[in-house]
Each structure stands twice: as C-alpha cells, then as structure tokens.
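# Structure at a glance
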Amino acid sequence: MPDLLLELFSEEIPARMQRRAADDLKSLVTNALVDAGLPYEGAKAFATPRRLALHVAGVPAASKATREERKGPRVGAPEKAVEGFLRGAGLSSIDEATIQSDPKKGEFYVAVIEKPGRTAIEILAEVLPGLIKGFPWPTSMRWGTGSMRWVRPLHSIVATFGPETEEPDVVPFEVEGIVSGTTTRGHRFLADEAFEVRRFDDYAPKLEKHKVVLDADRRKDIILNDAKNNAMALGLDLVEDPGLLEEVAGLVEWPVVLIGSFEEEFLEIPDECIRLTIRANQKCFVLKNPETGRLANRFVLTSNIEAVDGGKEIIHGNEKVIRARLSDARFFWNTDLKTKLADNLPKLDSIVFHEKLGTQGARVKRLEALAKEIAPHVGADVDKAKRAARLSKTDLVSQMVYEFPELQGLMGRTYAAKQGEDASVAIAIEDHYRPQGPSDKVPTDPVAIAVALADKLDLLAGFWAIDEKPTGSKDPFALRRAALGVIRIILENGLRVSLSDLIGRAVARLSVNVEGQKTDEIIADLMSFFADRLKVYLKDEGARHDLIDAVLALGGQDDLLMVVRRVEALGKFVASDDGANLAAGYKRAVNILRAEEKKDGAKVSGEPQAEYFREQAEIDLAAAIKTARSEAAEAVKSEDFEAAMSGLSRLRAPVDKFFEDILVNAEESEIRMNRLRLLSEIRDAVHVVADFSKIAG
C-alpha cells in the first residue's frame, strides 16, 4: 500500500517545541486521513532544529464510496422541520428524498446520501494546506510580505505519496507561495545543498549522508553514549541530566561531543551551583570524580559541526564563557558567606508573599510559632524546630538563589552548615520544601518534618482563609501538591497526629480577614480536601476506592495513619469468604431496611425485644450481634483493626441462617418491627468498622 512522506523545512525551531510539534503533526495528519476514510497501518513523526517530518505507512490509494440512509421527519411535518432535514442531508428539494412507511409511525422521508470514493492524493492535497497554515505553535511569527504565521520562516515542503514498487507522486498543493515538491536540504554548515527525495526509505539515508540525524531519540543516544565514553577515557563519570539531554538534542542536527575544562579553583563553589551555571549558560553537562563524589573541572559540550581543527576553537569559546560565569558564581558564593542567615531576616519584611497574606517575614513568624507547636507531636526538639523555621526562607534573599531560584533550600542548608548551625537545622532548611512531587523523597529528620508540616499547613490554611482554593484543573499555588506532601510526610514517617488539630493551629496563626468564614468552617473544608487527596494517594498505592470511601464515610477520621491501617484491614477482610458473605448479608439487610424506611419515612431504630422472638435463628443472631459488636468496638478502640474484622466475621453464619429461616415481613406488626430492628442492629454493628454500603460488589 502507498506511503506518505511529508517534510516541513524551516529556520531553527526552538528545542522546547520540537517534540510536541512532531506529535501534533502526526495526530493532525492521521486524524484527517481517518476522517476522510483513509485508515493507515502506522505513522511516525520526527523533528530536527530545521524540519518537521512525517512518515505514514499503509495508506489506501483511495477512499471507498459510501451510501447512507438518513431518516427525516414524517410526511406532512412542519415546513421548518423539513427545511432542516434538507440542509442536513444536502438536498435541494424534498423531491430528492424517498418516502418509507412504518406500520406504527406512518410515512416519513428518507434521504439516500451517496458519496463516491476519492483518491488519497486528492484528499491530501485538500487537507494538508489547512493543517500547515493552522499548525498549533505556542508562539509564531510572520515574515516578508506574507500573512502566514509559523514558528520560524518556512522555506520548503516535501510531500510525496505512492507505493514502494512505483515512483511516488508529489501531493500537489501550495502554502503562501511555497509549492510542495521533492527537494530538501542537508545540514546548514556541513552539507547545505539541495537534493531530491522520493519516499521515506531514501529520505532518512540521504539526510544522514547530508549530515542530518533525523530521529531525536537517536541524537540523544549519540550524545549520551559519546559523553559517557569521553568521560570514561578521563576516568570520570557523566552527571546525567535527562532534561538537558532532550534540549541539546533539539539544538543540533549532527551531534559532535567535545570535552572542555575550567580552573580547579572554581571547585570551591558548591557542585550544584557549578552544574547549574554551566547548564543554564552553555547547555553543557558536568563530569564527576567517582573517587571523591565531587565534580571534576571538566564539562561536556555538544557541537553541531565537525570542525577542521577538531573542535579546539569551539572548546576555547565555551571555556571562555564558562570561566566568566563561574567567576560570577564564585563572587555570589563568597558574598553570601559573609552574611549570616539570621541577618537576612529583616530583608524578608520587604518581600510580599501574597497581598492578602503579608510578607515573607510575617510568614516566617507564623512558621516559627507553628513549628514550635508541631515539634512535640513528631518527636522534634522544640528549639531546633523554631530555629530551622526562623531561618527557612533566609536564603531567598541570597545572591546565589536570586541567580538560580531552583537552589532555594539547598543553598540555605549549605550556608547554615558553613555558619555552624546544628545539623538538623541545616537539613530542615532544605528539606522543608519536600516532597515537591510524587517522585521526591519526604523529610525524615524530626526537625525537618516539623518545619515541612508547618510550611505546608500554613500555605493551605492561608489560601483557604482568603478563598483562593484550587478550581478544576487550576491550582496556581500548588495547594494539591502541598496537601499530598502533608499526607506523605505523615504516612511514610508513621506519625500519629491529629490532622484537624494541626490545621486548627495553622488557621489560628493567621492574621488575615478570613473572608467571612469561621475557623471551624475552614478546618472542615480543608479536612474534606485532605480526604480527597488521601483517596488519590491510596488509589495510587493500589487501594480500592470503595474501601477508602467505606472507611472515610464514618467521619472523624483525622488520624491518617489509622485510616490507612483500617483500609488495609478492611481489604483483607472483604477478600475472605467470611467478609464477602457478610457484605452480601449486610446489603440484603440494608436493602430491606431502606425499602421500609422509605415507606414509613422514619429510620428503623431501637433494640429488638426478646419477647417477640419466635425462631431460634432470631435468638442466635441477636446474641451474635451483641458479642461481635462489643468485640469489634473494643478492637477498634485499641486500634487492632484485624481483630475488629475478626469480631465481625462471627456474624456471617447467624446472618446467613437468619435469612434462610426467617420471613422478615411477618404478619404480626410487633414481630415484623422486631425483625427489622435486628436488621438495623446488623447495620449498626458493621458500621463500627466501616460503612459497608460503600463497598462495591
């Protein structure tokens, strides 16, 4: 079957846009083919700095003819209904429709719409210009006197279509004066001549001969492997950086890896500062000495050309820039070290955190007070927690963090250690920001835990108080991440804390107008938000959503560790025969009660009376409920949830026997009500551990 080759050749496409643009090109073209009745076997898109390319394999030579019968209004229907039917069916007159009869509905109009098949080249020539003109670039530009917008000036279009065994045809179309054809160009500097291509099988090899590696992933592999091999030859290790690798692969069409160096004296700067300086300014990788674990005074650069001097001038130019930038970094480092972190505190009073929540200085005071209160609950030293919270934001006004904001926390920890602060205080200054994502680790040092919880709870309480909550997919202040961070810190450290109490303490520290809300309303709303985030966390951990709902439905669950343990115990219980059968019996009881309560408009309540028991199954069930409920309640009280489930399991046999032997809807009203109260007792007993009505199945 025929294949399509499409190439859009332009000036340099920004590296950050290339991967998405290739995906967009693929989806736009393949969706258009499918919509036109041209299913395909496979498609792959490519991007280099100067081109987007697409290969679609196994496209039919033509679309099939179609015939559709479209049912219309009844004969004699209002004129507007008939007119709408004609427009939708593409008919000019009702005479072009046929009339069909239905024994029940009578006569109605039917339009027979027949569409002949069309050649794929004809369809492509029709749809491709519009896709190219309307391509969804994040930013675009115009050039010359034309009106077309593209990410950078578009120079040529290759568009061929045909089977492997024949000479392919050019898909004929024009976009703003650029006519499709079979001509493209090679590398801008190494092979900038035009050459002809026919189909993808000769397109990719010819590009390679003209010093262009088409596949971005292959360019990444070349850079990574060459960098590792060059580093190994020097006895060093490459510090891998997936984000930088993706970017660099988008900057070159013919990657050439070179090694540069800088003066060893710059190694006095912290490694992360060196790495970021070299990364941000020159898009280069750094190397590490495996013996010391510290950076070496070497870096890896990726050139887009094979220089005649072996890259000496390219290396020299990069070394010159990196030397200047490292000199700046060293100046920032030395300047920051001269200032005690505590001396930066007054500067925080002039930095606005949020217009309604005050300055960073005011926030630090809240964190200090909150960390002091949280510390005893997490086993942290109170004075150290206060000190760490007090210094937690002081590196924000350092010159190094001003230059590289992503170093916040890390620089604070480094400066604190250099200035003789306690090790736990230094760790907390960095770790209180964690976790910053699902793959980030949580703080484990008690002082860091106290400050991290204070930081996140103050953030949540503050934005809830000013009614700046997440809405839909919008969460500009990363409040969902903060809540998930609190959950992970508590659960992964096995902390027994009252979340509602901690939230209440955070709200109490706020000095802002709470937008007409009461403190208890904010706490309740935030607890509901945490419940939703907990569901997300537990689902990601593999817990069943219905079991989570069953436990949370009981309310008052602000000890997250106990919620998780209860969910785990419930999961094991319902997976057992006793648990599954009890759940089934429970649902049968609840369904009967629901029907009766709906009929009478009142909830069935009260203890069943022994004088109205008529069958042994009733007597046995009443006794079993009393025992199981007592055992389960005691077990829950002592937080032994497996024992609580075990206590409930005693109900399985008597519940089964009850439904086998007993007719609930007895004729005598007293006996009937007594039996309904027994069913209510089953419901109440089970609810000691979870709301079984939430359990699926």
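For the protein, the name recorded in an unreviewed UniProt entry is Glycine--tRNA ligase beta subunit, with Roseibium limicola as its organism.

Below, the discussion takes up the packing of aromatic side chains. Under the criterion given, the structure shown has 13 aromatic pairs. Seen from their ring centres, W333 and Y415 are 5.5 Å apart, and the 25° between their planes marks the pair as stacked. Of this pair, W333 sits in helix α8 (residues 312-337) while Y415 sits in helix α13 (residues 410-418); the two residues are 82 residues apart in sequence, bridging distant segments of the chain. Using a relative accessible area of 4% as the deciding quantity, one classes W333 as buried. Ring plane angle 50° and centroid distance 4.7 Å describe the contact between W464 and F529, whose orientation is recorded as tilted. Of this pair, W464 sits in helix α15 (residues 446-465) while F529 sits in helix α18 (residues 519-540), and the two are 65 residues apart along the sequence. When its relative accessible area of 12% is taken as the criterion, F529 is described as buried. A network of ring pairs unites the aromatic residues F46, F200 and Y203 as a single cluster.

Moving on: the packing of helix α14 (residues 423-431) against α15. At their nearest, the axes of α14 and α15 sit 8 Å apart, and the two run at 35° to each other. For the pair α14 and α15, the sense of crossing is right-handed. Residues S424, I427, A428 and D431 of α14 pack against V447, A448, V451 and A452 of α15.

Turning next to the UniProt feature "domain: DALR anticodon binding" (unreviewed entry) in the protein. Under the local residue numbering, the UniProt record ascribes the feature "domain: DALR anticodon binding" (unreviewed entry) to residues 585-684. The straight-line gap between the two end C-alpha atoms of residues 585-684 is 13 Å; of that span, 73% is helix and 0% is strand.

Turning to helix α2 (residues 79-89), a few remarks are in order. An α-helix turns once per 3.6 residues; consequently, residues spaced three or four apart project the same way. Regarding α2, the residues found buried are V82, F85, L86 and A89. Down the axis of α2, the sector holding all buried residues measures 100°, keeping them to one side. Opposite the buried face of α2, at more than 90 degrees from it, the exposed residues are K80 and R87. Buried residues in α2 make contact with β4 (66-74) and β6 (106-115). The first or second residue beyond α2 is G90, which carries a positive phi of 75°.

Ordered in space as β13-β15-β16-β14, the four strands form an open sheet in which the pairing is antiparallel. Where the open sheet ends on each side, the last strands, each with one partner, are β13 (237-238) and β14 (256-261). Bridge count between β13 and strand β15 (residues 285-288): two bridges; the pairing is antiparallel. Within the sheet, the bridge partner assigned to L238 lies in β15 and is L287. Sitting on the sheet, helix α7 (residues 271-282) touches β15 and β16 (295-303), and the angle it makes with β16 is about 15°.

Where β15 and β16 come together, three bridges link them in antiparallel fashion. Bridge pairing links K288 to L295 in β16.

To continue, consider the packing of helix α11 (residues 382-391) against α14. One way to put it is that α11 packs onto α14 with a least axis distance of 9 Å and a crossing angle of 45°. Between α11 and α14, the crossing angle belongs to the class labelled oblique. Judged by the twist between their axes, the crossing of α11 over α14 is right-handed. Here K384, R387, A388 and L391 of α11 lie close against α14, whose contacting residues are V425, A428 and I429. Across the contact of α11 with α14, the residue classes tally to five nonpolar, no polar and two charged.

Reading the values: the criteria
Residues numbered from 1 in each chain as written. Predicted model: local features only at pLDDT ≥ 70, side-chain atom pairs only at ≥ 80, totals over all residues. Heavy atoms only, no water. Phe/Tyr/Trp six-rings, centres within 6.5 Å; stacked < 30°, edge-to-face > 60°. Helix = DSSP H or I, 4+ residues; strand = E, 2+ residues; numbered from the N terminus. Buried < 20%, exposed > 50% of the residue type's maximum accessible area, 1.4 Å probe, protein only. Axes fitted to C-alpha atoms, helices over the stretch in contact; angles between N-to-C directions. Left-handed = near helix turned anticlockwise from the far one by under 90°. Contact = heavy atoms within 4.5 Å. UniProt positions renumbered as here; feature names shortened; annotations may be inferred. Arc of directions from axis to C-beta. Pairing = 2+ DSSP bridges. Parallel < 35°, antiparallel > 145°, perpendicular 65-115°, else oblique. Nonpolar A, V, L, I, M, F, W, Y, C, P; charged D, E, K, R; others polar.

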